[in-house]
Amino acid sequence: MSATFHEAGYAHLVELVHQKDRAARRRLHSVRLAAYDAQGGGRLDVALDPAQEILDLAALLEAPARRHGRLLVIFDARYDPQIFPYRPHHYAYLHRPDSPAPPLYYAVNATLGGVPDRIGAVALNNFESYLFLDREVVGQHAVAVGNLSRFAAADAEVVTYYDGSRHVESVRLPPKAHAEVALPPARDGQRLRRVEVKALFRLTSYVVLRRAGGELALFDHLFTYFK
């Protein structure tokens, strides 16, 4: 599965079909969308037209997002396995219509849906990382994390690195719950250099940067370098 987050007030378009093959194959076999509030409560569950290439996520979710705040959005999409036996890749456009800032383009985060990377695993063995540019940041960084598991709660660590020092913050997410963990730009005069998310299984995770007023200036998923 793949997952993202949606907030009210943003134009949000998702390219469901990215594979560029002849027109007869440029469609999904099936696609289903589900959206959950921060506590894991289901707010929408709908099957989409598999022939649809571009989804207007804001039009679909604006009302529940205004009512319940940021939503975790899960795509369960599949190609015909005889044609493309792998997960579809989705890409998205994100922009606040009243903002002069440029839009954001991002790849929708792939997850394992709450399946541990190793059978019988008990340690936090899935590592995802993000490096920050060596420049002063205007705004507030955070990591948005969501648990796609159907039944199991997720215990995760958000680890930040500041020019040699290391800080760990633990977060526990019930099934389908999500949270935004603030990342201080500096500690004891040391600048934020890197963040890692460690969990038993792969979570939905994005690094965000918010300008004054909360507008998104960065929305980018973390990267799995090793397990």
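Structure: above.
Right, let's walk through the structure included here. Note that the structure is predicted; figures quoted are calculated from it, not measured.

Some thoughts on the overall build of the protein chain
Logical step 1: A count of helices and strands for the protein chain gives one helix and 20 strands.
Logical step 2: The contacts of the protein chain with a sequence gap of at least 6 include a subset with a gap of at least 24, amounting to 74%.
Logical step 3: Just so you have it, the protein chain exposes about 11,200 Å², and 53% of that area is on carbon and sulfur atoms.

Some thoughts on the sheet that holds strand S2 (residues 11-15)
Logical step 1: If you walk across this open sheet you meet the four strands as S5-S2-S7-S8, and the pairing is antiparallel. If you trace the sheet from one side to the other, it starts and ends with strand S5 (54-56) and strand S8 (104-107), each paired once. For this sheet, the mean inter-axis angle between neighbouring strands, taken without regard to orientation, is 20 degrees.
Logical step 2: Here strand S7 (residues 91-95) runs beside S8; their pairing, made up of four bridges, is antiparallel. Its bridge partner lying in S8, Ala-92 is registered against Tyr-106.
Logical step 3: This element, helix H1 (residues 57-68), spans S2 and S5 of the sheet and lies at about 25 degrees to S5.

Brief notes about the pairing of S7
Logical step 1: Pairing analysis gives five bridges linking S2 to S7, with the strands arranged antiparallel. Following the sheet pairing, Ala-11 is matched in S7 by His-95.

Let's talk about unusual backbone geometry
Logical step 1: Positioned with a positive phi, Asp-163 is a non-glycine residue whose angle comes to about 45 degrees.
Logical step 2: Here Asp-163 falls in the partly exposed class, since its relative accessible area comes to 40%.
Logical step 3: Although it is not a glycine, Asp-188 sits at a positive phi angle of roughly 55 degrees.
Logical step 4: By the element assignment, Asp-188 lies in the loop between strand S15 (186-187) and strand S16 (190-191).
Logical step 5: A residue is classified by how much of its surface remains accessible, and Asp-188, at 81% relative accessible area, is exposed.

Comments concerning the side chain of Asn-109
Logical step 1: Within the secondary structure layout, Asn-109 lies in strand S9 (residues 109-110).
Logical step 2: Of the polar contacts made by the side chain of Asn-109, one reaches the backbone nitrogen of Ser-205; its length is 2.9 Å.
Logical step 3: Excluding its chain neighbours within four sequence positions, the residues that come into contact with Asn-109 are Met-1, Ser-2, Ala-3, Arg-202, Leu-203, Thr-204, Ser-205, Tyr-206 and His-221.

Comments concerning the packing of aromatic side chains
Logical step 1: Per the counting criterion, the structure on display carries six aromatic pairs.
Logical step 2: Aromatic pair Phe-5 and Tyr-206: ring centres 6.0 Å apart, planes at 75 degrees, arrangement edge-to-face. One end of the pair, Phe-5, is in strand S1 (residues 2-6); the other, Tyr-206, is in strand S18 (residues 204-210), with 201 residues separating them in the sequence. Like Phe-5, the residue Tyr-206 is buried in the burial classification.

Focus on H1
Logical step 1: Compared with an ideal rise of 1.5 Å per residue, which puts 12 residues at 16 Å, H1 spans 16 Å between its outermost C-alpha atoms and is within 8% of the ideal.
Logical step 2: When H1 is considered as a whole, its buried residues turn out to be Leu-57, Ala-58, Leu-61, Glu-62, Pro-64 and Ala-65.
Logical step 3: Its buried side turned inward, H1 meets S1, S2, strand S3 (30-36), strand S4 (42-47), S5 and strand S6 (71-78).
Logical step 4: The distance from a side-chain oxygen at the start of H1 to the backbone nitrogen of Ala-58 is 3.3 Å, and the residue carrying that oxygen is Asp-56.
Logical step 5: Positive backbone phi, approximately 85 degrees, marks Gly-69, located one or two places after H1.

Thresholds applied
- Residue numbers here run from 1 along each chain, matching the order of that chain's written sequence.
- Restriction of local features to residues with pLDDT of at least 70 applies here, the model being predicted, together with a cutoff of 80 or more for giving and counting side-chain atom pairs; totals for whole chains, interfaces and linings are based on all residues.
- Side-chain numbers come from the whole structure's heavy atoms, not from hydrogens or water.
- The way it works is that DSSP assigns letters per residue, a run of H or I at least four long becomes a helix, a run of E at least two long becomes a strand, and they are numbered from the N terminus.
- In what follows, a contact means two residues having at least one pair of non-hydrogen atoms within 4.5 Å.
- Only the protein chains shown count as cover for residues, and all accessible areas are computed by the Shrake-Rupley method using a 1.4 Å probe.
- Pairing between two strands requires that DSSP report at least two bridges joining them.
- In this description, a line fitted to the C-alpha atoms serves as the axis of each element, helices being fitted only across the stretch in contact, and the angle between N-to-C directions of two axes falls anywhere from 0 to 180 degrees.
- Burial classification: accessible surface area is computed with a 1.4 Å probe over protein chains only, and a residue below 20% of its type maximum counts as buried, one above 50% as exposed, and the rest as partly exposed.
- Distance and chemistry together define a polar contact, namely a pair of N or O atoms within 3.5 Å, with one atom able to donate a hydrogen and the other to accept it when in protein, and with adjacent residues in sequence counting only for side-chain atoms on both sides.
- Two rings from Phe, Tyr or Trp (for Trp, the six-membered ring) form a pair when their centres sit within 6.5 Å of each other. Planes less than 30 degrees apart are called stacked, planes more than 60 degrees apart edge-to-face, and all others tilted.
- Helix span, expected: 1.5 Å multiplied by one less than the number of residues in the helix.

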